[in-house]
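Fold and geometry: a report
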Amino acid sequence: MHLLVLFHILQSLLLAAHSCPSLCSCHNGKSGIAELRLVQCSDPGITAVPISVPADTVKLRLEKTLISKVSRAAFYNLSELRFLWLTYNSITLIHPSSFVNLKALRELRLDGNLLTSFPWEGLRDMPRLQTLGLHNNRLSSLPAHAALFLPNITYLDLSSNRLTILPAELLDLWFPLPGQSEGQVERRILGLHDNPWLCDCQISMLMSLSMTLGSTVVLMDQLLMCSKSLSQSELLQTQAELSRCMRPSVQPAATRVISPMGSNVILRCDATGYPTPTLTWIKTSTYTNCCQHDNLDNSEQLPRILESFMQESPRVGVRWSIISLNGLSYKDAGEYRCQARNMAGISEALIKLKVMGITKLPHLPKKSRKISSKSPSKYRKPYQISAITNVPSVKDNQILSSITPFSNNQAKKPESLVTFLEQMSTLENTK
């Protein structure tokens, strides 16, 4: 009896797993030798995401319905889903955790909805996603942090929205500088047309870089429209006067600085570029073998961003910045980088700082100090010098006879010279 009940439960679960939701159509397709389950729901009476979609569904299309929001974990049981189309509905809100467990998803399309924002952080739940379609929505801003979740996206359609500003972080993602990209850079297809872009350097750089030979970025439509402001008439991007865009150039006041321990040092660098670049100070390394100091602190985490002591922009396109290091110690020694950044690119300059210790003068030997105190000065009076050179008296002869003569080799030694000078001094005192 128990086995019969268990059989019916398993049979009902199996039928539920392969049943088709109401107001939807289900059919199987083939990809090679494998069968793929496809589910399409396009009835105007559908107001919420169906919860009875078969777990083995590979492609789900919810189109032209009255769905207005996508709730949390709406597709949690669809771990094999690869294609999700939620196009031309009335979606205004998507929960940041709506796409939990969609680890196999490759394509997400939300074209033709009423979205004013998109939960970019939700892309973390779709690590294999490559295609993202947001065409024909009401997106008015593209946040800078979106670049953190778009590295794997090779097809991004943001056309026909209300976007005005393109963050510099996206340019860094799509056009990485040499040495910043890891491995081979994949080709990306971008749809940015039909947006009221502001005529700034970001859009100009995007246009010029995408049209360079061998660019990894392809625009669906290169005739982007931009305007000075949303109230003015639109102009073709190619007609906008954006020739002033210039990558930053950095010039430090000095590339090598040597200063004694305990002193104060100011490091300065100047940058030019358009738009006016921002400056950041970064300590990238320290010197551990420069001074052999026992108290050298090597626990500092590097690289480390430093706060600038002062930063000003005297005019458009120019900026300077300084950092002040007071009471230098050995741990301040190392390499400092002044990094300038604007939407046209990044440049930096290296400054090396070396801290020198204070060296004490060695003590003079005792005999040397004795020489300086008792030896006759070279500025002695003439009569004192002539007294030695005159013919000695009888008393002088007795004193001189007690002096042991020294050889030429002994004369070269400082000890013999000291003895001789002491005896000469005794002779003068007796006289």
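Everything discussed here concerns the structure shown above.
In this text the structure is predicted, and so the values were computed from the model without any measurement. (Residues numbered from 1 in each chain as written. Predicted model: local features only at pLDDT ≥ 70, side-chain atom pairs only at ≥ 80, totals over all residues. Heavy atoms only, no water.)

1. Looking at the overall build of the protein chain
The helix and strand inventory of the protein chain stands at eight helices and 23 strands. Expressed as a percentage of its 431 residues, the buried residues of the protein chain come to 38%. Counting contacts in the protein chain only where the partners sit at least 6 residues apart, residues at least 24 apart contribute 60% of the total. Counting only carbon and sulfur atoms, one obtains 54% of the accessible surface of the protein chain, whose full area is about 25800 Å². (Helix = DSSP H or I, 4+ residues; strand = E, 2+ residues; numbered from the N terminus. Buried < 20%, exposed > 50% of the residue type's maximum accessible area, 1.4 Å probe, protein only. Contact = heavy atoms within 4.5 Å. Areas by Shrake-Rupley, 256 points an atom, 1.4 Å probe, with all protein chains shown as cover.)

2. Notes on the sheet that holds strand S19 (residues 304-306)
Here we have five strands laid out as an open sheet, ordered S16-S23-S22-S18-S19, and mixed in their pairing. Edge strands, defined here as strands with exactly one partner in the open sheet, are strand S16 (256-260) and S19. When the angles between neighbouring strand axes are averaged without regard to direction, this sheet yields 30°. Examined bridge by bridge, strand S22 (residues 334-342) and strand S23 (residues 345-356) share nine bridges and lie antiparallel to one another. When the sheet's bridge partners are listed, Glu335 is paired in S23 with Lys352. (Pairing = 2+ DSSP bridges. Axes fitted to C-alpha atoms, helices over the stretch in contact; angles between N-to-C directions.)

3. Description of the sheet that holds strand S15 (residues 246-252)
What holds strands together in a sheet is hydrogen bonding between their backbones, with the strands either parallel or antiparallel. Taken in spatial order, the four strands of this open sheet run S15-S17-S21-S20, and their pairing is antiparallel. Taken across any chain shown, the strands that pair with only one partner, and hence form the sheet edges, are S15 and strand S20 (310-315). Neighbour to neighbour, the strand axes of the sheet diverge by 20° on average, direction disregarded. Summarising the sheet, S20 and strand S21 (residues 318-325) pair through four bridges and their orientation is antiparallel.

4. Some details on the state of the cysteines
Applying the stated criterion across every chain, the model contains three disulfides. Disulfide pairing places Cys20 opposite Cys26 at an S-S distance of 2.1 Å. Taking the sign of the S-S torsion, 85° for the link of Cys20 and Cys26, the bridge is right-handed. There is a disulfide in this structure between Cys269 and Cys338, and the S-S distance comes to 1.8 Å. Here Cys269 is found in strand S17 (residues 265-274), whereas its partner Cys338 is found in strand S22, with 69 residues between them in sequence. Per residue, the accessibility class of Cys269 equals that of Cys338, and both read buried. (Disulfide = S-S within 2.5 Å.)

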